[in-house]
Amino acid sequence: QVQLVESGGGLVQAGGSLRLSCAASGCTFSRYAMGWFRQAPGKERELVATIYSGGSTYYADSMKGRNTISRDNAKNTVYLQMNSLKPEDTAVYYCAADPRGWGRFSDGVNSWGKGTLVTVSS
């Protein structure tokens, strides 16, 4: 069973940066596509970024240009570097895993972390 544990959330002022981490276990990490979703209060969960098994990436428009997703297969960890944060980025950020390693990420996710809260103050 895949386990995903996020860390790195917290309170930051607008314009600041945070790096989220997600440690995976119970899977052949390098074969998985990994990604980050977020859910703001009163809103639906939305995809933020994806990194595929081959290393290619996808960014949703909501944070494009302000974030970078990366992975360290030796550490079974995926990261989300977020810069120039805005109050509207306040949300719970969830790590997710897709065992297919490719394809539309949202369709293949079968494992979720419990989330880490990011709060951006104005």
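Coordinates for the structure precede this section.
Residues numbered from 1 in each chain as written. Predicted model: local features only at pLDDT ≥ 70, side-chain atom pairs only at ≥ 80, totals over all residues. Heavy atoms only, no water.

Draft legend 1. Structural detail: the side chain of Asn67. With respect to the helices, strands and loops of the structure, Asn67 is situated in strand β7 (residues 67-72). Judged by relative accessible area, Asn67 falls into the buried class, the value being 5%. Those residues within four positions of Asn67 in sequence are excluded, and the remaining contacts are Val48, Ala49, Tyr59, Leu80, Gln81 and Met82. (Helix = DSSP H or I, 4+ residues; strand = E, 2+ residues; numbered from the N terminus. Buried < 20%, exposed > 50% of the residue type's maximum accessible area, 1.4 Å probe, protein only. Contact = heavy atoms within 4.5 Å.)

Draft legend 2. Molecular detail of the state of the cysteines. Considering all chains together, one arrives at 1 disulfide under this definition. At a sulfur-sulfur separation of 2.1 Å, the disulfide partner of Cys22 is Cys95. Taking the sign of the S-S torsion, about -80° here, the bridge from Cys22 to Cys95 comes out left-handed. You can see Cys22 sitting in strand β3 (residues 18-25) and its partner Cys95 sitting in strand β9 (residues 91-98), a full 73 residues away along the chain. What makes Cys22 buried here is its relative accessible area of 0%. Classification of Cys95 as buried rests on a relative accessible area of 0%. Cys27 takes part in no disulfide bond, and the closest cysteine sulfur, belonging to Cys22, lies 9.1 Å away. (Disulfide = S-S within 2.5 Å.)

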